[in-house]
Amino acid sequence: MKKHIAVLAGDGIGPEIVPQALNVLQTIGQRFGHEFDLAYGDVGGQAIDSRGVPLPPDTLALAKKSDAVLLGAVGGPKWEGLEYERRPERALLGLREQLGLFANLRPAKMYSALVDASTLKKEVVDGIDVLVVRELTGGIYFGKPKGIEQTQTGHKGINTEVYTTEEIQRIAEVAFKAARKRNRVVTSVDKANVLESSELWRRIVTDEHKKYPDVELRHMYVDNAAMQLIRNPKQFDVLVTTNLFGDILSDEAAMLTGSIGMLPSASVGSKVGMYEPIHGSAPDIAGKNMANPIGMIASVAMMLSYSFDLTKEAESIEQAIQKTLDQGFRTKDIEGPGTTLIGTKEMGEKILENL
Ligand code: IPM
Ligand code: MG
């Protein structure tokens, strides 16, 4: 198999973790007889500095014509003062929108070696396996009207939470189909006791569910879901929710597994999928060889399985991660008593050795 992959390393720890993931990818290619052709593009703050915009047109064109996109991270304090349209984060939103990636899959799975790395009690987190299905191109992130307007006494800031039938149907479909490959329980998270857009969300998800009688559907308000995730996370299998709620709840779900540095994600919905760890650019530890590359490496595994149907290859990466953790190797974020602290590069090398 020959595939073209756009590599957008971006900012902060992005350029440190991406090479580790690419080493793993190329080794998989050699091992299993696939060719992965890499093309690099500028994105985020790094693109602002070198090209003046967070998402240069040639980066977008590159992403569109590739078979998949691997993204590191974007953003950092250096660019925080810029107006919204010019900020690094816009690159991410632009890629999601332009590539039609309406579904974001964020699996939060506990590696048994890491139960002690979680801030929660072992019996609460041991064995958790939650898939957050986050709507990614709608809701308040993209709704109009938006902006900051002048008033007589000051300003008002406006954003709009909006969802259409079609947008809700297609994300519900992704969630129900994913549940069929798992434990067949979907929890739909909304705020239907207050928001009309959520009332519609709940109605459409309930309708869509009729096509999946073999899957159980539960509804939960978002405040309760935030609580239940730390109270009893094992009650969840697939959790489907809006763009904003999914952003928040997936960070919370990530922390259950010990560190946000562990979680990969897949953004899918049309021809080209995009794969990135769920964490940000972590400017505080950038350039120090301290970042955890596992979320990035696991994103390669998701790419292999979701975009290219290479499940054996994906599994071998997951097993190598598991084995490395079982051997006691840890980056700073998941360090604990009796474990061996190593850096970003060394973690990448250990996982390679275990492939
Ligand atoms: C994420 C991030 C992004 C989001 C930011 C960087 C725009 O937090 O992917 O979860 O809010 O979607
Ligand atoms: Mg987020």
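Residues numbered from 1 in each chain as written. Chains lettered and ligands numbered in written order. Predicted model: local features only at pLDDT ≥ 70, side-chain atom pairs only at ≥ 80, totals over all residues. Heavy atoms only, no water.

Glancing now at the overall build of the protein chain. A tally of regular secondary structure across the protein chain gives 12 helices and 14 strands. For 355 residues, the compact-globule estimate of 2.2 N^0.38 gives 20 Å, and the protein chain sits close to it at 20 Å. With respect to the three principal axes, the spread of C-alpha positions in the protein chain is 55 × 50 × 40 Å. The buried share of the protein chain, reckoned over its 355 residues, is 53%. (Helix = DSSP H or I, 4+ residues; strand = E, 2+ residues; numbered from the N terminus. Rg over C-alpha atoms; globule rule 2.2 N^0.38 Å. Buried < 20%, exposed > 50% of the residue type's maximum accessible area, 1.4 Å probe, protein only.)

Attention now moves to the sheet that holds strand S10 (residues 238–241). Overall, mixed pairing links the 10 strands, which are arranged S2-S1-S3-S12-S11-S4-S5-S10-S8-S9 in an open sheet. Bordering the open sheet on either side are strand S2 (35–40) and strand S9 (216–221), each of which pairs with just one other strand. Averaged over all adjacent pairs, the angle separating strand axes in this sheet is 25°, with direction ignored. Strand contacts of helix H8 (residues 222–231): strand S8 (185–190) and S9, with the helix running at about 105° to S9, the strand carrying the most contacts. (Pairing = 2+ DSSP bridges. Axes fitted to C-alpha atoms, helices over the stretch in contact; angles between N-to-C directions. Contact = heavy atoms within 4.5 Å.)

A separate point is the packing of aromatic side chains. Across all of its chains, the model carries 3 aromatic pairs by this definition. Summarising the aromatic geometry, the rings of Tyr-163 and Trp-201 are spaced 5.3 Å apart at their centres and angled 65° between planes, so their arrangement reads as edge-to-face. Of this pair, Tyr-163 sits in the loop between strand S7 (155–158) and helix H6 (165–180) while Trp-201 sits in helix H7 (residues 196–209), and the two are 38 residues apart along the sequence. An angle of 20° between the planes, with centres 5.0 Å apart, marks the rings of Phe-176 and Tyr-212 as stacked. One end of the pair, Phe-176, is in helix H6; the other, Tyr-212, is in the loop between H7 and S9, and 36 residues separate them in sequence. (Phe/Tyr/Trp six-rings, centres within 6.5 Å; stacked < 30°, edge-to-face > 60°.)

Okay, helix H3 (residues 57–65) next. Residues Thr-59, Leu-60, Leu-62 and Ala-63 constitute the buried set of H3. Along the axis of H3, the buried residues cluster in a sector spanning 160°; they form a single face. Along H3, exposed side chains directed more than 90 degrees from the buried face belong to Pro-57 and Lys-65. Here the buried face of H3 lies against strand S1 (2–10), S2, strand S3 (68–73) and helix H4 (89–99). (Arc of directions from axis to C-beta.)

Membership of the largest hydrophobic core comes to 86 residues, with the highest contact counts inside it found for Val-186, Leu-304, Ile-317 and Ile-321. Top element by residues in this core is helix H10 (residues 294–306). It accounts for 9 residues. Counting residues domain by domain, this core receives three or more from each of domain 1 (1–102 + 269–355) and domain 2 (106–259). Judged by nonpolar contacts, the second largest core, of 17 residues, contains Leu-8, Val-69, Leu-71 and Leu-99. (Core = buried A, V, L, I, M, F, W, Y, C linked by side-chain atoms within 4.5 Å. Domains from an automatic or database assignment.)

Bringing the pairing of S9 into the picture now. Two elements, S8 and S9, share 6 bridges in a ladder whose sense is parallel. Opposite Val-186, over in S9, you have Leu-217 as the bridge partner. Crossover handedness for the path S8 to H7 to S9: right-handed. (Right-handed = clockwise from strand over helix to strand, strands pointing away.)

In this sheet, S7 lies alongside strand S6 (residues 147–150) in antiparallel orientation, the contact comprising 4 bridges. Among the inter-strand pairings, Ile-148 is bridged to a residue of S7, identified as Gly-157. Between S6 and S7, which pair antiparallel in sequence order, lie 4 residues.

For ligand 1, the full set of nearby residues is Glu-89, Leu-92, Arg-96, Arg-106, Arg-134, Tyr-141 and Asp-247. Side-chain polar atom of Arg-106 to an oxygen atom of ligand 1: 2.9 Å apart, as the coordinates give it. Within the complex, 78% of the 320 Å² of free accessible area of ligand 1 lies under protein. Ranked by residue count, the leading element in the shell around ligand 1 is H4, at 3 residues. Each residue belonging to the shell around ligand 1 can be placed in one class, and the counts come to 2 nonpolar, no polar and 5 charged. (Near = heavy atom within 4 Å. Polar contact = N/O pair within 3.5 Å; in protein donor to acceptor, adjacent residues only side chain to side chain. Areas by Shrake-Rupley, 256 points an atom, 1.4 Å probe, with all protein chains shown as cover. Nonpolar A, V, L, I, M, F, W, Y, C, P; charged D, E, K, R; others polar.)

As far as domains go, the protein chain holds domain 1 (1–102 + 269–355) and domain 2 (106–259). Inter-centroid distance (C-alpha atoms) of domain 1 to domain 2 is 23 Å. Here domain 1 and domain 2 share an interface that buries about 1700 Å² over both sides, 65% of which is from carbon and sulfur atoms. The largest per-residue losses of area from domain 1 upon contact with domain 2 belong to Arg-96, Phe-102 and Ile-278, which jointly make up 41% of the total buried on that side. For the pair domain 1 and domain 2, the interface holds 0 salt bridges. Linking domain 1 with domain 2 are 3 residue pairs in polar contact (both at pLDDT 80 or more), by the criterion used here. Elements represented by at least two residues in the side of domain 1 that touches domain 2 include exactly H4 and helix H11 (311–326). (Buried area = accessible area lost by both parts, 1.4 Å probe. Salt bridge = Lys/Arg side-chain N within 4 Å of Asp/Glu carboxyl O.)

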